Amino acid sequence: MAKALIIAELKNGKIVKNGLEAGSKAKALGFDCIAVVLGNGDGAAGIGEIGITEVIQYEYDMYNGESIAATISELVKDKGIDSIIMANSWTGKDISGRIAAALDGPALTDLVELTLDGDRLVGKKPIYAGKAFVNYAAKKSPAVITLRANTFPVVSSPSDAKVEKIKMDVSGAKATLKEFKETQGNKVSLTEASIIISGGRGVKGPEYFPKLQELADLIGGALGASRAAVDAGWIDHSHQVGQTGKTVSPTLYIAVGISGAIQHLAGMGSSKYIVAINKDKEAPIFKVATYGVVEDLFDFVPAFKSEIEKSRG
């Protein structure tokens, strides 16, 4: 049976969901999986939720992609790994290319589909702002794969995971991360959220984003924004969805006062359901919307929030 190394991350002591998605997909393809969990804390055994029992946790004082990639590359050689599968998170983007280069293998990144063609992994990813798809095939192994978050289901198969903790030495790295500052952004991570409510130029100013945040909190979602709103200084860049912001794939994306520029569509076009609220019936966002609401957002959003509150008593 082919072996896959699943790379997952810890955040606030818990396994990030996109790591569970990567592991679930690998197991569905029939791989014998072991996991590497990156980060500090005691939550690495959470990967056992999807049935992975062999876990190596690398802890470190400060993140260093160079050291992590070098360590994982050696582990892949020692364990006879055929494929390395992880989320297309900022960590995945940082280390996937490094690992592929160290192993002289292919890297298939930001995939929204992953299948096996014989013994070759085949992946599909969107290009040209989601207007087309391209298929890739890994012609050799070990192949490095990154998967778009919220695209693959988590399949529960609980088991007891045995965790081996290793302190990673990053002293030999050529580049050193001196400081890491986390922005005061979403209560729910944009890239992890299953529901996102985004505001655009149509909200007319920064004072409306707290109202959208209230709605997001009410339904357990994250707050996003278009580039126009960010460039206007209405909200921090950490909320930006689009080609120059974050790429998201939630189950539900609610676009409030967003016209639908191609750069924005590139970041949210793979959402399962898209609801567009805009008083301009010719807005491009309606071309991709599952449901469209042609209405003044300042009338519709409060009414929408009120109905949700009523339904929840």
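Look up: the structure comes first, before these words.
All values reported here derive from a predicted model rather than from experimental measurement.

Overview of a nonpolar patch on the surface
Thinking step 1. A contiguous nonpolar surface patch, about 330 Å² in accessible area, is contributed by Trp-90, Leu-177 and Phe-180.
Thinking step 2. Following the sequence through the fold, Leu-177 ends up in the loop between strand S11 (162-167) and strand S12 (195-199).

Quick notes on the sheet that holds strand S9 (residues 132-137)
Strand pairing in a sheet relies on backbone hydrogen bonds, with the paired strands running either antiparallel or parallel.
Thinking step 1. One open sheet holds the three strands; their spatial order is S7-S8-S9, and the pairing between them is antiparallel. The outermost strands of the open sheet, each flanked by one partner alone, are strand S7 (113-117) and S9. Recorded for the sheet is a direction-independent mean angle of 25° between the axes of neighbouring strands.
Thinking step 2. Sheet topology places S7 next to strand S8 (residues 120-127); five bridges connect them, and they run antiparallel. Along S8, the bridge assignment pairs Asp-117 with Arg-120.

Thoughts on the packing of helix H4 (residues 209-218) against helix H7 (residues 297-311)
Thinking step 1. Contact pair H4 / H7: the axes reach a minimum separation of 11 Å and the direction vectors enclose 25°. Viewed along their axes, H4 and H7 adopt a mutual orientation that is roughly parallel. In this structure, H4 meets H7 at a crossing whose hand is left-handed. When H4 is examined against H7, the residues Leu-212, Glu-214, Leu-215 and Leu-218 are found in contact with a partner set consisting of Val-301, Phe-304, Lys-305, Ile-308 and Glu-309.
Thinking step 2. Considering only residue class, the contact of H4 with H7 consists of six nonpolar, no polar and three charged.

What about the side chain of Ser-67?
Thinking step 1. Following the sequence through the fold, Ser-67 ends up in helix H2 (residues 65-79).
Thinking step 2. Among the residues examined, Ser-67 registers a relative accessible area of 9% and is labelled buried.
Thinking step 3. Beyond its immediate sequence surroundings of up to four residues, Ser-67 is in contact with Met-168, Asp-169, Val-170 and Ala-173.

About the thresholds
- Residues numbered from 1 in each chain as written.
- Predicted model: local features only at pLDDT ≥ 70, side-chain atom pairs only at ≥ 80, totals over all residues.
- Heavy atoms only, no water.
- Patch = residues over 30% accessible without salt bridge, like charges linked within 9 Å, V, L, I, M, F, W, Y side chains within 5 Å.
- Areas by Shrake-Rupley, 256 points an atom, 1.4 Å probe, with all protein chains shown as cover.
- Salt bridge = Lys/Arg side-chain N within 4 Å of Asp/Glu carboxyl O.
- Helix = DSSP H or I, 4+ residues; strand = E, 2+ residues; numbered from the N terminus.
- Pairing = 2+ DSSP bridges.
- Axes fitted to C-alpha atoms, helices over the stretch in contact; angles between N-to-C directions.
- Parallel < 35°, antiparallel > 145°, perpendicular 65-115°, else oblique.
- Left-handed = near helix turned anticlockwise from the far one by under 90°.
- Contact = heavy atoms within 4.5 Å.
- Nonpolar A, V, L, I, M, F, W, Y, C, P; charged D, E, K, R; others polar.
- Buried < 20%, exposed > 50% of the residue type's maximum accessible area, 1.4 Å probe, protein only.

No statement about biological role is implied by the geometric values presented.
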